[in-house]
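Per-entry structural report
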Number of protein chains: 2
Amino acid sequence: MKSILLTSCAALFALSFVPSTASADEGMWPFNKPPAKQLKSRYGFDIPDGWLEHVQKSCVRISSGGSGSIVSPNGLVMTNHHVGRDMLHKMSTADHDFVKNGFYAKTGAEEWKCPDIKMNVLWSIEDVTDRVKGAVTTGMSLAQENDARKKVTNEITAESEKATGLESQVVTLYQGGKYNLYRFKRYTDVRLVMAPEAGIAFFGGDPDNFEYPRFDLDMCFFRIYEDGKPIHAEHYLHWARNGCADGDLVFVPGHPGRTERLNTVDHLEFMRDEEYPLSMRSLWRREVQLATFMGRSTENRRVAEDDFFGVQNSRKARTGIFAGLQDPAFMARKKSDEQKLRAAVDANPEWKKQWADGWDTIKQAKEAQKEFWVRYYTFGGGGMALGGQLFAKAKDLVRMTDEKAKPAQDRLPEYSSDTALKNIELALFSPAPIYPALEIEALSSRLQLMGELLGCDDPTVVKVLGGKAPHERAEELVRGTKLLDVAERKRLAEGGKSAIDASQDPLISLARLLDPEVRALRKRYEEEVGSREQQGYAKVAAASFAVNGEDQYPDATFTLRLSYGTVKGYTQDAVDIPPFTNFAGLYKHAEERENKDPFEIPPRWKEAREKLNPNTPFNFVSTCDIIGGNSGSPVVNKAGEVVGLIFDGNIQSLVGDIGYDEKLNRAVSVDSRAMIEAMRKVYDAGALADEITGADKGGSSTSNGR
Amino acid sequence: MKSILLTSCAALFALSFVPSTASADEGMWPFNKPPAKQLKSRYGFDIPDGWLEHVQKSCVRISSGGSGSIVSPNGLVMTNHHVGRDMLHKMSTADHDFVKNGFYAKTGAEEWKCPDIKMNVLWSIEDVTDRVKGAVTTGMSLAQENDARKKVTNEITAESEKATGLESQVVTLYQGGKYNLYRFKRYTDVRLVMAPEAGIAFFGGDPDNFEYPRFDLDMCFFRIYEDGKPIHAEHYLHWARNGCADGDLVFVPGHPGRTERLNTVDHLEFMRDEEYPLSMRSLWRREVQLATFMGRSTENRRVAEDDFFGVQNSRKARTGIFAGLQDPAFMARKKSDEQKLRAAVDANPEWKKQWADGWDTIKQAKEAQKEFWVRYYTFGGGGMALGGQLFAKAKDLVRMTDEKAKPAQDRLPEYSSDTALKNIELALFSPAPIYPALEIEALSSRLQLMGELLGCDDPTVVKVLGGKAPHERAEELVRGTKLLDVAERKRLAEGGKSAIDASQDPLISLARLLDPEVRALRKRYEEEVGSREQQGYAKVAAASFAVNGEDQYPDATFTLRLSYGTVKGYTQDAVDIPPFTNFAGLYKHAEERENKDPFEIPPRWKEAREKLNPNTPFNFVSTCDIIGGNSGSPVVNKAGEVVGLIFDGNIQSLVGDIGYDEKLNRAVSVDSRAMIEAMRKVYDAGALADEITGADKGGSSTSNGR
């Protein structure tokens, strides 16, 4: 499972909403609203004092779109290979390919600095619902509401950052039901410590992705530095001595990216008939185009493979959700639930007056969206993402210099605070390599898409192409730009609006050309869709709280949540699938698939076969309720010790975006024992294993250290 | 290059039309209108008496969608591996895989009967323009015109078949400018003689498809039988002793499937903004879905690979055409040409009166098409092709029994004559294996597509799904049908309409359910689009003849045409590409791509390397104007002797659907010398080489035998 931020830009359009009262092992619970009651009643487990804070402060959110955890006092961070892969790719060249060959720093001096990653640790949560809701007053138009909400949110963020020095973010929960201010410690000096080769981290490739049984060592280790030295971590997770066993209660603290479980039926139908047909179409298209590009040479394959797997992963994930949306029986259940809730509201005159029109407001939002949705999508949504890194940089230069000229509270949120600007600059000034051939391919694809979706006589399309065919135009843009040079990007950023206005750079010109129309589309989206949805969902959420009780988790928002569940197999097509696989199964699986890519055992693993204990548990499944963005989350036991590393869900869990089924939904993890066994016997990385298990410090790996 | 019939069903919608006066080596000339003047003026070549008839009667049109030629007195037919591949696939099982391993029948007894192929030899052409046009009279509505044209066409066909016993077809040329009756000798007892392994026939796979330089032995040999014995061929092509050389004049007689070179600008814009965005979308989608299916197991790969390569091939071909359509400069040239022709018409009062409204009539046709185009496409066009073989059989059973109950002249043309019915039955009662897993995949994909294109609340979609999710419904249909059994298909066909009406078979029921709506859409298409186009293009064609002269070839119609040109390299990105490759280049190309699939040298070719003459010419290019459907066409010299075998065009030739550029357009062939060298040194097929070169009969391989 790939991290949430790597999904297509369509993800921007569909936000989350109020889930139903959790039953079974369901739910991704905020740390200020933990599932204490459920744990007590289902498992007889009382959350110990300090447990939540300790786990919370041991977890990291990773800017490339995944989760991780600190697993040593010296700031060692464990995450997935597929979360770290983006960095590995950026740090590789045709000569040293960390993705293909892996990496291990035997000493601190060898730890390799990442070009543009950020790791955030959640430090506090504060409820700011009243202040945000208070800024919107009766009689405001949709546009005024939107402005008021943006302004107050920008103000809260800026005040918080000034007061605490912590990165701050106002998070919309229950899609408008509540607003929480999240504050994070922010780290950007992050170094690569260890990564296995992609051949074992992603063994089975796309065919095995989201499948089970599974055999992947999908792990990667970084270290957080500050002032040139590893941090001394006040909180970090200890390593369980004996892993976990069938039936154990386990927890997953991590950052699920997005769920849409209680979207109204109208909203789901919009997804089914408008959003998914378009986003699937885009993903299928990109997958084939990238495969074609990669087929042309070995180097093309290397430079594009990371993007390619991202697209394949999103495609497979969305296929599962789409299948749920297109299932009439699933939709009938959603309709029936909604009708029950609406009937309960209608039966109470006070409720009816307050909330009954919530559903229709959402319906109006989706109807309004239909009118300009394809156009909005064509230009990459409000973020104006056309594909390719160079255009993204041109866009940020144009927008950032524009926005900086305004008072902070009136800016687009992504440029409104000091930290927001630092985040933009982290990517904008990144020294990571950019490959012109891939840039041409990406841009050419998007220019062609404009014609496909809007027709080639559309005035904007005509202007953008400037009389050239898409590929020819993309070539002209990429060959003509100077934005490949970090110094040039810095020069333009420092020169501000006047430097941008004066620039003849063809990509800057293109971003300037498109920006007014895309900003207008974004405004229209925020007012006609976003504001309506916040109005409508606030009512639906209130109704749901009133009817079903307050004990409901909000849909996922790529903020820290706690899931829980049991290590447990399942039955598929009448076959019992046990919870654990082992190393012996890896070699067997490869043989069944003729040891051919992507089922080829990497050389190191062929050599190490005799040394490895074949019975070592390799991957396991649990009922924990997770979703994209949870990639890299630790799996911990009741003592808060690491027993595994989340890296995927099974195919039946994909529909988890819109619903959870405990019978079949499973989270897939690397077993903690496999990681240690591989470090010691395959990678000659005993020092790393010692650091993780605490063996190097003579400490007991089973003490919980708190 | 894959055969034309294997392209997506969208190919049904865009028919061909009046090309411009040929310049350069342009043109696909009917055998009753050969390019005699051009050959004389450009090459000083007079077509000898009898040459055309001899070549014509040596050529075959293959029902799986390609071309071929008879190359021995005993009915040996040469074509491409990728044309024969469909048969190879149908004759294979998991245990004997002719596609993967190749095949060679050392004796006649070992020649392996094909399940459902047909080879036609063109016997005569007759102009029936007056009779067809005469059936349409002034004052008829579009519907009446359509009926009248269908009726007279059915009558001509039936009369001709009755009178001559030859398969007969009325071909629309210049998209309504002329009508010709083509008569064919029809052969259905065809046996496989020799095929190399796919690894060398399709070396380089999709990355090298439509590229040059190239290294493919894309050949396959069949033999035509009649009454249980090989035919004695009155006409067959002899083998040139010394191949061809740079600068030689060569000819390609074959069956180009479709071109659209003088579509009006409105028509091209429809293709660009409506047709291609939808057909590309479908192809990208299928490519990913089939790749996913194949990834699941080795057997899945085997059963789906033929479909998969067909989709990839169409996708790559259409990518080239689409790039041309989206090129503003290309469209500007089309606009300018059209404006000139229209200005010439407007300048002559008589012409203006007769033809000036032709272009607007076509515009109206395309505007009408826009209204129901997506829906028509969703159900697979007028042929109701939903994907999968089983549904196709159900459709033919339902329609055939319906149509047979009507007088022949009122039927849908594909069921109107005895031969037409025989053609339907050839496929319907084919013993070729059908794989349920692949059928479920194909049908499930199409059911999902209905939701994507029409929305899941569409009443037809709701009925078709019957409350089930697409995959679940496809599974129910395929598991529940008895149509896998040939005897059951025969039973239903023999039982006629009453048996079909009484059938409870779920696929028969589905075809019955959809048929009325799809027939109505087909009628609407024929009347509002087809009839209008025939009206409009008849005028545009007449105008073009009057202004530009009669010396114009009609657009391709998958009927026999003659192309001509020069063996000649070209320049791409400032690199000179010589016309010939050789065996040494094959091994070098494989090494550059790390000998990895699809660039892996097959074992037989590794073993034979030392025996082969490395300088043997392998593939070559010429300026001959060809297109999909020409696959398998012989390349002959002035003496009419085989020097090569067409199997592809270069990437620059793809736009050939809508325009020809002699500077870059190239046809790609297997060199005749490579075929003989490989037969003798790789395949131990000396007897076959002897038969082809005439060595076994002591004849001179250079005599032209006429």
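Residues numbered from 1 in each chain as written. Chains lettered and ligands numbered in written order. Predicted model: local features only at pLDDT ≥ 70, side-chain atom pairs only at ≥ 80, totals over all residues. Heavy atoms only, no water.

**Some remarks on the confidence of the model for chain A**
Residues and elements named next belong to chain A. The share of residues in chain A with pLDDT of 70 or more is 95%, and the mean pLDDT across the chain is 94. Across residues 3–22, where pLDDT falls below 50, the model places 82 contacts with residues more than four positions away in sequence or in other chains. The model gives residues 698–706 a pLDDT under 50, and that stretch makes 20 contacts with residues more than four places away or in other chains. What the predictor reports for the complex is a pTM of 0.94 with an ipTM of 0.94. (pLDDT = per-residue confidence, 0-100. Contact = heavy atoms within 4.5 Å.)

**Some details on the relation of the copies chain B and chain A**
When chain B is fitted onto chain A, the two copies agree to an RMSD of 0.0 Å after a turn of 180 degrees and an axial shift of 0.0 Å. The transformation relating the two chain copies, once decomposed into turn and shift, fits a two-fold axis. Closest approach to the rotation axis among the C-alpha atoms of chain B is made by W284 of chain B, whose C-alpha sits 2.8 Å away. By residue overlap, the copies meet face to face through one surface: 97% of the interface positions of chain B are interface positions in chain A. (Least-squares fit on C-alpha atoms with pLDDT ≥ 70 in both.)

**Section: the pairing of strand β10 (residues 189–195) of chain A**
Residue and element names in this part refer to chain A. Across the 7 residues of β10, 7 count as buried, placing the element largely inside the fold. Bridging between strand β5 (residues 103–104) and β10 involves 2 bridges; their strand directions are antiparallel. If you follow Y104 over to β10, its bridge partner there is M194. As defined by bridge partners, strand β6 (residues 112–113) adjoins β10 across 2 bridges and the pair is classed as antiparallel. What sits directly across from K113, in β10, is R191. As paired strands, β10 and strand β11 (residues 220–226) are joined by 5 bridges and run antiparallel to one another. When the bridges of β11 are listed, R191 appears paired with R223. (Buried < 20%, exposed > 50% of the residue type's maximum accessible area, 1.4 Å probe, protein only. Helix = DSSP H or I, 4+ residues; strand = E, 2+ residues; numbered from the N terminus. Pairing = 2+ DSSP bridges.)

**With respect to helix α13 (residues 358–378) of chain A**
The first and last C-alpha atoms of α13 of chain A sit 30 Å apart over 21 residues, in line with the 30 Å expected at 1.5 Å per residue. Along its length, α13 of chain A shows its largest kink, about 60 degrees, at F372 of chain A. (Expected span 1.5 Å × (residues − 1). Bend = angle between axes of the 7 residues up to and from the residue.)

**Topic: the interface of chain B and chain A**
Residue-level contacts link 36 residues of chain B with 35 residues of chain A. Between chain B and chain A, roughly 3,100 Å² of surface is buried when both sides are summed, and carbon and sulfur atoms account for 53% of that area. Among the residues chain B hides against chain A, the three largest losses belong to W284, V288 and Q326 of chain B. Together they make up 20% of the total. Between chain B and chain A we count 2 salt bridges in total. For R272 of chain B, the salt bridge goes to D457 of chain A, with nearest N and O atoms at 3.2 Å. In this structure, the connection of chain B to chain A is made through 10 residue pairs in polar contact (both at pLDDT 80 or more). Mapped by element, the contributors of at least two residues to the side of chain B that touches chain A are α8 (205–208), α9 (265–295), α10 (298–325), α11 (328–346) and α16 (436–454) of chain B. Of the residues assigned to the side of chain B that touches chain A, the class counts are 11 nonpolar, 10 polar and 15 charged. (Buried area = accessible area lost by both parts, 1.4 Å probe. Salt bridge = Lys/Arg side-chain N within 4 Å of Asp/Glu carboxyl O. Polar contact = N/O pair within 3.5 Å; in protein donor to acceptor, adjacent residues only side chain to side chain. Nonpolar A, V, L, I, M, F, W, Y, C, P; charged D, E, K, R; others polar.)

**A closer look at the nonpolar core**
In terms of nonpolar packing, the biggest core is built from 68 residues, with L217, F221, W605, M675, M679 and L688 of chain B touching the most fellow members. Per-element tally for this core: the top contributor is helix α23 (residues 672–681) of chain B, with 5 residues. Those residues in contact with F221 of chain B that sit more than four places away from it in its chain are V71, L76, V77, M78, R191, L192, V193, M194, M675, M679, L688 and I692 of chain B. Counting residues in each nonpolar core, the second largest holds 67 residues, with W51, Y104, L586 and W605 of chain A among its members. (Core = buried A, V, L, I, M, F, W, Y, C linked by side-chain atoms within 4.5 Å.)

**Examining the packing of helix α13 (residues 358–378) of chain B against helix α20 (residues 506–548) of chain B**
Residues and elements named next belong to chain B. Between α13 and α20, the least distance of the axes is 8 Å, while the angle of their chain directions is 160 degrees. Looking at the two axes, α13 sits roughly antiparallel to α20. In this structure, α13 crosses over α20, and the sense of that crossing is left-handed. Taken together, the residues of the contact of α13 with α20 break down into 12 nonpolar, 6 polar and 10 charged. (Axes fitted to C-alpha atoms, helices over the stretch in contact; angles between N-to-C directions. Parallel < 35°, antiparallel > 145°, perpendicular 65-115°, else oblique. Left-handed = near helix turned anticlockwise from the far one by under 90°.)

**Notes on the pattern of salt bridges**
Residues and elements named next belong to chain A. Inspection of the entire model under this criterion finds 131 salt bridges over all chains. Notably, a salt bridge pairs R261 with E26, separated by 3.8 Å at the nearest N-O pair. Separated by 235 residues along the polypeptide, R261 in the loop between β13 (249–254) and α9 (265–295) and E26 in the segment before β1 (29–30) bring together distant segments of the chain. Accessibility classification places R261 together with E26 in one group, the buried group. One network of salt bridges, in which partners are shared, links R399, D402, E403, K406, K497, D501, D515 and R519.

**What to know about the state of the cysteines**
Cysteine pairs can be covalently joined through their sulfur atoms, and such a bond is termed a disulfide. Residue and element names in this part refer to chain A. Going through the model one piece at a time under the given rule, you end up with 0 disulfides over all chains. Looking at C624, it has no disulfide partner, and the nearest cysteine sulfur is the one in C244, 9.8 Å off. For C624, a relative accessible area of 2% puts it in the buried group. (Disulfide = S-S within 2.5 Å.)

**Notes on the environment of K316 of chain B**
Residues and elements named next belong to chain B. Looking at the secondary structure, you find K316 in helix α10. Between the C-alpha atom of K316 and that of Y376, which follows or precedes it by 60 residues, the distance is 24 Å. Those residues in contact with K316 that sit more than four places away from it in its chain are D206, P207, D208, N209, F210, E211, I651 and L654. At 2.7 Å, the side chain of K316 and the backbone oxygen of D206 are in polar contact. Side-chain polar atoms of K316 contact the backbone oxygen of P207, separated by 3.2 Å.

**Regarding the environment of E677 of chain B**
By secondary structure assignment, the location of E677 of chain B is in helix α23. By relative accessible area, E677 of chain B is classed as buried at 13%.

**Overview of the layout of surface pockets**
If you add up the space inside the second largest pocket, you get close to 700 Å³. What lines the second largest pocket is a set of 28 residues, and nearest its centre among them are R281 and L453 of chain A together with D273, E274 and V374 of chain B. Elements with a contribution of two residues or more to the lining of the second largest pocket: α9, α13 and α16 (436–454) of chain A together with α9, α13 and α16 of chain B. Counted by class, the lining of the second largest pocket contains 12 nonpolar, 1 polar and 15 charged residues. (1 Å grid on protein atoms, 1.4 Å probe; cavity = no way out; pocket = protein on both sides within 12 Å on 5 of 7 lines; lining within 4 Å. Points joined across faces, edges and corners; volume = space filled by probe spheres on them.)

**Remarks on the packing of aromatic side chains**
Throughout the structure, instances matching the rule amount to 48 aromatic pairs over all chains. Ring centres of F308 of chain A and F309 of chain A lie 5.9 Å apart, and the angle between their planes is 50 degrees; this geometry places the pair in the tilted category. Under the relative-accessibility criterion, F308 of chain A is labelled buried at 11%. When the centroid spacing of 6.4 Å and the interplanar angle of 70 degrees are considered together, the rings of F45 of chain B and W51 of chain B count as edge-to-face. In this structure, F45 of chain B and W51 of chain B share a single accessibility class: buried. An aromatic cluster is present here, built from F583, W605, F618 and Y683 of chain A joined pairwise through their rings. For the cation-ring pair, R191 of chain A lies above Y225 of chain A, with the distance from its terminal atom to the ring centre recorded as 3.7 Å. Sitting over the ring of W123 of chain B, K57 of chain B keeps its end group 4.4 Å from the ring centre. (Phe/Tyr/Trp six-rings, centres within 6.5 Å; stacked < 30°, edge-to-face > 60°. Lys NZ or Arg CZ within 6 Å of the ring centre and 35° of its normal.)

**What to know about the packing of helix α23 (residues 672–681) of chain A against helix α24 (residues 686–693) of chain A**
Residues and elements named next belong to chain A. The N-to-C vectors of α23 and α24 enclose an angle of 150 degrees; their axes lie 7 Å apart at closest approach. By the angle between their directions, the pair α23 and α24 is classed as roughly antiparallel. Of α24, the residues touching α23 (which contributes I676, M679 and R680) are G686, L688, A689, D690, I692 and T693. A per-class count over the contact of α23 with α24 returns 5 nonpolar, 2 polar and 2 charged.

**Overview of the pairing of strand β8 (residues 167–173) of chain B**
Both faces of the sheet carry side chains from a regular strand, because those side chains alternate between them. All names here are of chain B. Counted residue by residue, β8 has 5 buried out of 7 residues, so it is predominantly covered. Relative to strand β9 (residues 178–187), β8 runs antiparallel, the two being bridged by 7 bridges. Paired with V171 across the two strands is N180, which belongs to β9.

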